[in-house]
Amino acid sequence: MLFKRVRELREDRDIKQKDMAEYLKIHQTTYSDYELGNLNIPIEVLIRLAKFYNTSIDYIVGLTDNCKPYK
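Below you will find a few notes about this structure. (Residues numbered from 1 in each chain as written. Predicted model: local features only at pLDDT ≥ 70, side-chain atom pairs only at ≥ 80, totals over all residues. Heavy atoms only, no water.)

A look at the overall build of the protein chain
Piece 1. A count of helical and extended segments in the protein chain gives five helices and zero strands.
Piece 2. In the protein chain, the order of α-helices and β-strands from amino to carboxyl end is α-α-α-α-α.
Piece 3. For the protein chain, the C-alpha atoms occupy an extent of roughly 30 × 20 × 20 Å along the three principal directions.
Piece 4. Relative to its 71 residues, the protein chain shows a buried fraction of 34%. (Helix = DSSP H or I, 4+ residues; strand = E, 2+ residues; numbered from the N terminus. Buried < 20%, exposed > 50% of the residue type's maximum accessible area, 1.4 Å probe, protein only.)

If you want it as structure tokens, here you go:
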């Protein structure tokens, strides 16, 4: 599954894949595979991404267009 918003969120903030991978404590190639849809993103990583970008997992995976996190 391709999570294009993972890439969009990162690029909108001018963050390099290498830096996101370090934050998530994974290899850069693994992070790249997430963005390319070659690997499914584990829920633990989705949670960390949602917290980092101050959004919801639903937004990251494309279930909503509302980027604001849930209260």
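Comments concerning the nonpolar core
Piece 1. The biggest cluster of nonpolar side chains holds 17 residues, and the ones touching the most others in it are V6, M20, Y31, I41, L49, Y53 and I60.
Piece 2. Looking at this core, the elements that each hand over two or more residues are α1 (4–12), α2 (17–24), α3 (28–36), α4 (43–53) and α5 (57–61).
Piece 3. The dominant element in this core, judged by the number of residues it contributes, is α4, at five residues.
Piece 4. Ignoring anything within four residues of it in the chain, the contact list for V6 reads Y31, E35, I41, L49, Y53 and I60. (Core = buried A, V, L, I, M, F, W, Y, C linked by side-chain atoms within 4.5 Å. Contact = heavy atoms within 4.5 Å.)

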